[in-house]
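# Chains, contacts and geometry: an overview
Listed below, chain by chain, are the residues.
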Amino acid sequence: MCHAHKFGGSSVANAERIHNVAALLRASNSPRIVVVSAMQGVTDNLTALANAALSAKPWRCNWTTLRERQLRSARELGADDAVHAWLDRELQALHALLSTPSPQPEWFARVQGLGEVWSSRLLQLALGDEAGGWTRLDARDVLVVRHDELGAGVDWDASRRNLAAWRETHRQPNVVITGFIARDGDGAITTLGRNGSDYSSAIFAVLFDAAELTIWTDVDGVLSADPRLVPDAVCLESMSYAEACELAYFGAKVLHPQTMAPAMQARLPIRIRNTLNPAAPGTLISKTFEPAASPVKGLSLVPDMAVLELVGAGLIGVPGTAERMFAALHAEGVSVTMISQGSSEHSICCVVRAGQAERGRGAVHAAFSAAIANGQVEGVRVTTGIAVLAAVGDGMVGTPGVSARLFAGLAQAGVNIRAIAQGASERNISVAISAADATRGLRAVHSAFWLSPQTLSVGIIGPGNVGRALLAQLAQASMQRDGSDRGGPDLRLRAIANSRRMHLAQRALDPASAHALFDDGEALDLDRFTAHVRAAHLPHALIVDCSGSDAVAARYADWLAAGIHVVTPNKQAGSGPLARWLAIRTATRRGGHFRYEATVGAGLPVIQTLRSQLDTGDELLEVEGVFSGTLAWLFNSFDGSAPFSQLLAEARALGYTEPDPRDDLSGADVARKLVILAREAGRELSLEDVEVENLVPPALRGIPLDDFLARLHELDAPLQARLDAANSEGRSLRYLAQLDHDGNARVGLVAPEPGHASLHGRLSDNLIQFRTRRYADNPLVVQGPGAGPDVTAAGVFGDILAIAQAVGARR
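To keep things clear, this report deals only with the structure shown in the data block. (Residues numbered from 1 in each chain as written. Predicted model: local features only at pLDDT ≥ 70, side-chain atom pairs only at ≥ 80, totals over all residues. Heavy atoms only, no water.)

## Digging into the overall build of the protein
Of the regular secondary structure elements, the protein holds 31 helices and 31 strands. Relative to its length of 811 residues, the protein is extended, with a C-alpha radius of gyration of 37 Å against a globular reference of 28 Å. Residues counted as buried form 53% of the 811 residues belonging to the protein. Sequence-distant contacts, at least 24 apart, represent 72% of the contacts inside the protein between residues at least 6 apart. As displayed, the protein has an accessible area near 34600 Å², and 49% of this comes from carbon and sulfur atoms. Mean positive and mean negative side-chain charge positions of the protein (75 and 86 charges, respectively) differ by 6 Å. (Helix = DSSP H or I, 4+ residues; strand = E, 2+ residues; numbered from the N terminus. Rg over C-alpha atoms; globule rule 2.2 N^0.38 Å. Buried < 20%, exposed > 50% of the residue type's maximum accessible area, 1.4 Å probe, protein only. Contact = heavy atoms within 4.5 Å. Areas by Shrake-Rupley, 256 points an atom, 1.4 Å probe, with all protein chains shown as cover. Lys, Arg positive; Asp, Glu negative; His and termini not counted. Charge placed at Lys NZ, Arg CZ, Asp CG, Glu CD.)

This is the structure we're talking about:
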């Protein structure tokens, strides 16, 4: 039993590649039949020459260029005088055909199909001609087809008779066969249509009773999506005939749709392999369904489409409406790609090629003109700029949740669906979406089914201490990531910015060195920064704001409304103007995700803990705690053995305070954190509503920093007096934030009663306790380091990963 092979135009593009093909074929000892396409670009050249000749335009210069290419290839393959003379006669015959153009289809087919005649002879030459055991079959001598609306159908009986006669005079075990060309029932030369060599290969594989057909291309096999649109597309090990048919129909480039029919009838396995990478195993297509990790095997995108919709109350319950509509489209030669109709029957829509949309509108309008005139039908609408995204897989059959995952993936990427279609076989779900969203939607769905990592386009603003720590953590995580986990997150850093400059990158930046790129950057333009991060070709966008800028926080609502996710340790949004906060919350309901855990407890799960209680029906009664690591250290250390000013100077030297310690002592930062928690609990609290005790005496608040540091001793007497008063009652001092059940908020110095949780924390720990209806007697406490670049960055990173999981990435 022989093995069949087919080589496409890219595989025989020049003499070097033809030599490569010959080497591949010599590696097998079994009898082989080889169907070959024209050299890459030659069919297009011949079509252009034929059209030029028919329209009386100049063609001889292009004919000369084509002739030189063919003869040069023959010379490079070592053609002798006889082969060279044969090829030149063929080319002169083309010249004669072009000199006497004819409107008859056979003339055009004769010209169009010469490329396969030439390439098959060149491949036979490279294989050693008949002396090497290779003969050549001109498909026009064997293959008979008939053309109808479904394309070229094979006359199997006539073709088998012709092949039997041919084989009586050709005894070589190996055969090179011309693809693409054939004859019709009247003996006229015809072709199988564009890309028809795939079809030819399946037909001849069946005629020769081959054990398997290998189609050699310039890719490693059938990919899960177009790699030009989804760089992370994966090569499929196997797929069924049905899956291959669906993908081929919806534009997968590896296979011609008609190729499947002969193979399916004969149960002929087909393997797709790469001429340029023959070591790759390729993709096996057969009758057998092989279960896979994902129910979807592949995705395809058909661009340049339009939605044609017939709308009207007069359509409801009227038999024959669909028949009239599609009969009109058929009569006008308009091809329908997908159909969608709601159960209300108020409208019926279909997706057609954009170039046929206006013709289709006219045909349907004419068919329903009377109903439109009397108001029973509103009219015919056409929406252009549409693409069809199709998800295909045998694993979809009977698997709940496939549609939900597809729709969720599109929704997370901000892609609206215009129409939906699914056949009863459940093997395909097709959706019509805006062409502007097509690439982003394709990538989002590809990731949603874990065929590739879930990609987020990331921009970071404010690479200061926290920002740099975050970049370091991203770099470390990238190094540790297992590349085999196609369902994990792909955090693609594409932009960084500080208060003055930004760097935008088309490819992913290395987080380890990104902070050094500002010298090569440009002036900060947040509009351009935003547009760059919200790249149309990437499914998800995320901006991480590590600045303390109020101006940046003012953009959150717009970013979220546009579907851009936001993560921040910046307290300005959560504690700033209430109207802005409410706008942000509104934007999150229909837009991007907003995560801000690090605004209160750095890496501590403070907001998460509160949120989980509220979301499960608990009620917040009170919040109290130590919200500042700096103030925690100061008052855990302040026992009267050393003056407060000495402790403050020591804390500043250790880096525990802000450069200006008054920022810590003012209580403003603690107040902001309390406002954020109050708002999280549903209270409409503003900073102005918080009673704040500023530990800096009024005389020291507005003076230069150096003067303040020289007068630190002025803090000692009042604070020592407060400590003495607390000690007299057996108590200590703590700077606490407090929110009661009535919404009263205060931050300031208090002397908690013995046993209070704040008296038993570590030196610099934050400690927040929630008293709720469930935790009324024994408050729920969150305690741990609440400050420092590394723990804050860890909190930010945790929020980033939470968003990645929310949009479909696996843990």
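## Examining the packing of helix H14 (residues 402–412) against helix H15 (residues 438–448)
Close contact between H14 and H15 brings their axes to 8 Å; oriented N to C, the two are set at 135°. In terms of their interaxial angle, H14 and H15 are classed as oblique. Between H14 and H15 lies a crossing of right-handed hand. The residues of H15 that touch H14, namely those facing Arg-405, Leu-406, Gly-409 and Leu-410, are Gly-441, Ala-444, Val-445 and Ala-448. (Axes fitted to C-alpha atoms, helices over the stretch in contact; angles between N-to-C directions. Parallel < 35°, antiparallel > 145°, perpendicular 65-115°, else oblique. Left-handed = near helix turned anticlockwise from the far one by under 90°.)

## Describing the nonpolar core
In terms of nonpolar packing, the biggest core is built from 89 residues, with Leu-94, Trp-118, Phe-204 and Ile-285 touching the most fellow members. Considering each element in turn, this core owes the most residues, eight residues, to helix H6 (residues 114–127). Trp-118 has contacts with Val-42, Leu-46, Leu-66, Gln-70, Trp-86, Leu-87, Glu-90, Leu-91 and Leu-94, leaving out every residue within four places of it along the chain. Counting 74 residues, the second-largest nonpolar core is a separate cluster that includes Met-502, Leu-677, Leu-719 and Leu-723. (Core = buried A, V, L, I, M, F, W, Y, C linked by side-chain atoms within 4.5 Å.)

## Thoughts on the pattern of salt bridges
Working definition: two side chains of opposite charge can pair if their charged atoms are close together. The full count for this structure, using the stated rule, is 30 salt bridges. As a salt-bridge pair, Arg-110 and Glu-106 come within 3.5 Å of each other at their nearest N and O atoms. Separated by four residues within a single helix, Arg-110 and Glu-106 lie in helix H5 (residues 105–112), roughly one turn from each other. Judged by relative accessible area, which is 31%, Arg-110 ranks as partly exposed. Overall, the relative accessible area of 29% leaves Glu-106 in the partly exposed class. For Arg-361, the salt bridge is made with Glu-358, and the minimal N-O distance between the two is 2.9 Å. Placement of both Arg-361 and Glu-358 in helix H12 (residues 357–367) is noted, with a separation of three residues, approximately one turn of the helix. In this structure, a network of salt bridges that share partners links the residues Glu-691, Glu-693, Arg-722 and Arg-746. (Salt bridge = Lys/Arg side-chain N within 4 Å of Asp/Glu carboxyl O.)

## Topic: the sheet that holds strand S16 (residues 379–392)
If you trace the six strands from one edge of the open sheet to the other, you get S14-S15-S13-S16-S18-S17, paired in antiparallel fashion. Each edge of the open sheet is held by one strand with a lone partner, namely strand S14 (336–341) and strand S17 (417–422). Taking the axes of each pair of neighbouring strands and ignoring which way they run, one obtains an average angle of 30° across the sheet. (Pairing = 2+ DSSP bridges.)

## Let's talk about the packing of aromatic side chains
In this description, a pair of aromatic rings is defined by centroid distance and the angle of the planes. Scanning all chains against the criterion turns up eleven aromatic pairs. Geometrically, the ring pair formed by Phe-7 and Trp-216 is stacked, given 5.7 Å between the ring centres and 10° between the ring planes. Residue Phe-7 is located in strand S1 (residues 3–7), and its partner Trp-216 is located in strand S9 (residues 213–217); the two are separated by 209 residues in the primary sequence. With 6.4 Å between their ring centres and 65° between their planes, Trp-107 and Phe-108 make a pair best called edge-to-face. Just above the ring of Phe-368 sits the side chain of Arg-324; from NZ or CZ to the centre is 4.1 Å. (Phe/Tyr/Trp six-rings, centres within 6.5 Å; stacked < 30°, edge-to-face > 60°. Lys NZ or Arg CZ within 6 Å of the ring centre and 35° of its normal.)

## Let's talk about the pairing of strand S24 (residues 564–567)
Going residue by residue along S24, you find Ile-564 and Val-566 tucked away on one face and His-565 and Val-567 tucked away on the opposite face as well. In this sheet, S24 lies alongside strand S23 (residues 540–545) in parallel orientation, the contact comprising four bridges. Bridge pairing in S24 places Ile-543 opposite Val-566.

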